[in-house]
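Take a look at the letters that make up each chain.
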Amino acid sequence: MKKYGFLGLGIMGQAMAANLLKADFTVTVWNRTASKCESLINKGASHRETPAEVVASSDITFAMVSDPVAARKICFGKQGVLEGITMGKGYIDVSTIDPQTSIEISQAISNNGGRFLEAPVSGSKKPAEDGALVFLCAGDKSLYQEAIPALEIMGKKSFYFGDAGFGARMKLVINMIMGTMMTALCEGLSLGKKAGLNMSDILDVLDQGVIANQMFRLKGPMMVEGNFPTAFPLKHMQKDMRLALLMGDDNGQALYTAGAANFSYIKARNKGFDDGDFSAVLQAIKE
Ligand code: NA7
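(A) Examining helix H6 (residues 99-111) more closely. Taking 1.5 Å as the rise per residue, H6 with 13 residues should run 18 Å; its terminal C-alpha atoms sit 18 Å apart, in good agreement. For H6, every residue scored as buried is listed here: Pro99, Thr101, Ser102, Ile105, Ser106, Ala108 and Ile109. Its buried side turned inward, H6 meets helix H4 (68-76), helix H5 (81-84), strand E5 (90-93), strand E6 (115-118), helix H9 (166-194) and helix H12 (234-251).

(B) Here's a closer look at the site of the ligand. Residues in contact with the ligand amount to 20 residues; listed here are only the nearest, Asn31, Thr33, Lys36, Ser66 and Lys239. The separation between an oxygen atom of the ligand and a polar side-chain atom of Asn31 is 2.7 Å. In isolation the ligand has 790 Å² of accessible area, and contact with the protein removes 89% of it. At the level of elements, helix H1 (11-22), H4 and H12 are the ones that each hand at least two residues to the shell around the ligand. For the shell around the ligand, the residue count by class is 9 nonpolar, 8 polar and 3 charged. Mapping the shell around the ligand onto the domain boundaries places at least three of its residues in each of domain 1 (3-164) and domain 2 (169-285).

(C) Main features of the environment of Ser190. Considering the arrangement of structural elements, one finds Ser190 in helix H9. Between the alpha carbons of Ser190 and Gln283 there is a distance of 9.4 Å; along the sequence they are 93 residues apart. For Ser190, the residues in contact, after removing those within four places along its chain, are Ile285 and Lys286.

(D) Inspection of the side chain of Asn262 at higher detail. The residue Asn262 is located in helix H13 (residues 256-270) in this model. In this structure Asn262 touches Gln238, Met241, Arg242 and Leu245, once residues within four positions along its chain are discounted.

(E) Inspection of empty space enclosed by the protein at higher detail. Under the criterion given, the structure shown has 1 cavity of 30 Å³ or more. There is about 40 Å³ of room inside the largest cavity. Of the residues that constitute the lining of the largest cavity, the class distribution is 3 nonpolar, 3 polar and 2 charged.

(F) Region of the structure containing the layout of surface pockets. In this structure, the second largest pocket spans a volume of roughly 170 Å³. As for the second largest pocket, its lining consists of Asp98, Pro99, Gln100, Ile103, Arg169, Leu243, Leu246, Met247, Asp250 and Asn251. Looking at which element gives the most residues to the lining of the second largest pocket, the answer is H12, with 5 residues. Residue composition of the lining of the second largest pocket, by class: 5 nonpolar, 2 polar and 3 charged.

The rules behind these values
- Residues numbered from 1 in each chain as written.
- Predicted model: local features only at pLDDT ≥ 70, side-chain atom pairs only at ≥ 80, totals over all residues.
- Heavy atoms only, no water.
- Helix = DSSP H or I, 4+ residues; strand = E, 2+ residues; numbered from the N terminus.
- Expected span 1.5 Å × (residues − 1).
- Buried < 20%, exposed > 50% of the residue type's maximum accessible area, 1.4 Å probe, protein only.
- Contact = heavy atoms within 4.5 Å.
- Near = heavy atom within 4 Å.
- Polar contact = N/O pair within 3.5 Å; in protein donor to acceptor, adjacent residues only side chain to side chain.
- Areas by Shrake-Rupley, 256 points an atom, 1.4 Å probe, with all protein chains shown as cover.
- Nonpolar A, V, L, I, M, F, W, Y, C, P; charged D, E, K, R; others polar.
- Domains from an automatic or database assignment.
- 1 Å grid on protein atoms, 1.4 Å probe; cavity = no way out; pocket = protein on both sides within 12 Å on 5 of 7 lines; lining within 4 Å.
- Points joined across faces, edges and corners; volume = space filled by probe spheres on them.

Written out as structure tokens, the structure is:
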């Protein structure tokens, strides 16, 4: 039976690793803040002190960390993933990072005889808990095929887009669209309220038209109540906007709408909403 590793047990990693354990997979975990491993150890996970040790004791290791800096740190850092990679081992980074970082990690893993897949996910806390994520995969095809049983436990759908870099690009495009949709909703709600409309009425009208969507339906009523339970941290949304804007630069694509949305997320971060849900950008926009 295959042995799996999981590095990074934040909101997403915690839920994903728990689903692997629930399906009776053999899982070894590591997190920078070791206390976050406890609930998974109680559910049957093994624990190692470093990413290198997790990789050394697993066939396929997943990583779910915040951003490119964290992804590089756990891979290239002391006692990092690279030190545990041997011939044929699989490393799957499911974090949302930029294509360049992912390609560099991919090359380093394969230079050490390992196989790399990037598989950023569409979906936040609830889909992670429900095993309903969408994986946007690219990289080593044999690893993709081998990982399918695990991906099917954690997700409802997987795509494969070819060489490393294309999964990261897809993820940034998708999240950039989501981030601008959210600020558009917030500006509409805020304008409507200032103009004397009822915010719940705005949501009801939106829900009947062609731009009705699950995000507005799910988050809208909570936003109207000033309730922003963190499913997708605002700091990560702003990171994704920033990475998408850099991708725009690299590809000669002007991103006016996303650029403006990014300023709203930066404003919200400056106001202390880093760890709130990204829908808390409403608080910055309405001021
Ligand atoms: P969280 O809940 O903020 O979790 C982030 C994780 O990344 C958590 O395990 C962190 O460890 C870890 N992290 C952050 N920086 C580092 C460094 N420098 N070294 C090692 N580990 C680090 O985020 P989510 O789970 O919601 O999201 C994760 C990804 O999915 C992200 O790319 C999103 O955009 C989508 P900690 O517990 O703080 O020690």
